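Spelled out, the chains give:
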Amino acid sequence: MRRSDSHLDFDLELAKKQSNENPVYYVQYAHARICSIIRMAQDRGIALPEYTDIDPALLKEPEEKNLIKILVRYPEMIHGAVSSLEPHRITFYLNELAGIFHSYYNKNKVISDNMNLTKARLFLVKSIKFVLQNALNI
């Protein structure tokens, strides 16, 4: 989580904690939450939508807009991290994305009685899952 030219203090106890204090756990927990949402949708017979299946105008909550904005920044952030040899940018980005997602999850139901809204939100969380997975693989 630090620049390569900064001092590193590694806290082994923090690295072993499964709490929000541990940045790796925090990001992995966001991914696990999304997997759980997707599994719940599939258990209810709701197929994961493609972009052509949704109305993006339904995503109008402030957190949804913030999530979309940060997702759009992903390619640029990766390019910047690579070109400047600063891999810590990826960890900052992931923590920011996870934080916005956790806040969104705590305020909004992804799966609801409104099927159009559910599909739009499922597409959003599917997109977040893709970015989390991709960045964690890096």
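Let's talk about the overall build of the protein chain
Then, number 1: For the protein chain, the count of helices and strands is five helices and zero strands.
Then, number 2: Counting the 138 residues in the protein chain, one finds 38% classified as buried.

Notes on the packing of helix α2 (residues 23-43) against helix α4 (residues 88-107)
Then, number 1: Axis separation between α2 and α4 bottoms out at 9 Å; the angle between their running directions is 45 degrees. Relative to α4, the element α2 lies oblique. The interaxial crossing formed by α2 with α4 has left-handed handedness. On the side of α2, the interface is formed by Pro23, Tyr26, Val27, Tyr29, Ala30, Arg33, Ile34 and Ile37, while α4 contributes Leu94, Asn95, Ala98, Gly99, Phe101, His102, Tyr105 and Asn106.
Then, number 2: Of the residues contributing to the contact of α2 with α4, the split by class is eleven nonpolar, four polar and one charged.

Describing the pattern of salt bridges
Then, number 1: Applying the stated criterion across every chain, the model contains five salt bridges.
Then, number 2: Glu64 is the partner of Arg121 in a salt bridge, and the nearest nitrogen-oxygen pair spans 2.6 Å. Highlighted residues: Arg121 in helix α5 (residues 115-137) and Glu64 in helix α3 (residues 62-83), separated in sequence by 57 residues. Across the pair, Glu64 and Arg121 agree in class, each one buried.

Brief notes about the nonpolar core
Then, number 1: Leu67, Tyr93, Leu97, Phe101, Ile128 and Leu132 are the most contacted members of the largest nonpolar core, which has 36 residues in total.
Then, number 2: Taken together, the elements giving at least two residues each to this core come down to α2, α3, α4 and α5.
Then, number 3: At nine residues, α5 tops the list of elements feeding residues into this core.
Then, number 4: Discounting residues that sit within four places of it in the chain, Ile128 has contacts with Ile34, Leu67, Leu71, Leu97 and Phe101.

Some words on the confidence of the model for the protein chain
Then, number 1: Averaged over all residues, the pLDDT of the protein chain is 88; the fraction at 70 or higher stands at 84%.
Then, number 2: Segment residues 1-8: pLDDT under 50, and nine contacts once partners within four positions in sequence are set aside and those in other chains are kept.
Then, number 3: This stretch, residues 10-17, has a pLDDT under 50; its non-local contacts, to residues over four places away or in other chains, come to seven contacts.

Some thoughts on α3
Then, number 1: Taking 1.5 Å per residue as the helical rise, α3 with its 22 residues ought to reach 32 Å, and the 32 Å between its terminal C-alpha atoms agrees with that figure.
Then, number 2: Taking the largest bend as the criterion, α3 deviates by roughly 40 degrees, centred on Tyr74, and proline Pro75 comes between one and four positions later.
Then, number 3: Considered for burial, the residues of α3 that qualify are Glu63, Glu64, Leu67, Ile70, Leu71, Tyr74, Met77, Ile78, Gly80 and Ala81.
Then, number 4: The elements touched by buried residues of α3 are α4 and α5.

With respect to α2
Then, number 1: Its 21 residues place the ends of α2 30 Å apart at the C-alpha level, agreeing with the 30 Å of an ideal helix rising 1.5 Å per residue.
Then, number 2: Among the residues of α2, Tyr26, Val27, Ala30, His31, Arg33, Ile34, Ile37, Ile38 and Ala41 are the ones counted as buried. Looking straight down α2, one finds its buried side chains confined to an arc of 150 degrees; they lie on one side. Of the residues in α2, the exposed ones pointing more than 90 degrees away from the buried face are Val24 and Asp43.
Then, number 3: Here the buried face of α2 lies against α4 and α5.

What counts and how
Residues numbered from 1 in each chain as written. Predicted model: local features only at pLDDT ≥ 70, side-chain atom pairs only at ≥ 80, totals over all residues. Heavy atoms only, no water. Helix = DSSP H or I, 4+ residues; strand = E, 2+ residues; numbered from the N terminus. Buried < 20%, exposed > 50% of the residue type's maximum accessible area, 1.4 Å probe, protein only. Axes fitted to C-alpha atoms, helices over the stretch in contact; angles between N-to-C directions. Parallel < 35°, antiparallel > 145°, perpendicular 65-115°, else oblique. Left-handed = near helix turned anticlockwise from the far one by under 90°. Contact = heavy atoms within 4.5 Å. Nonpolar A, V, L, I, M, F, W, Y, C, P; charged D, E, K, R; others polar. Salt bridge = Lys/Arg side-chain N within 4 Å of Asp/Glu carboxyl O. Core = buried A, V, L, I, M, F, W, Y, C linked by side-chain atoms within 4.5 Å. pLDDT = per-residue confidence, 0-100. Expected span 1.5 Å × (residues − 1). Bend = angle between axes of the 7 residues up to and from the residue. Arc of directions from axis to C-beta.

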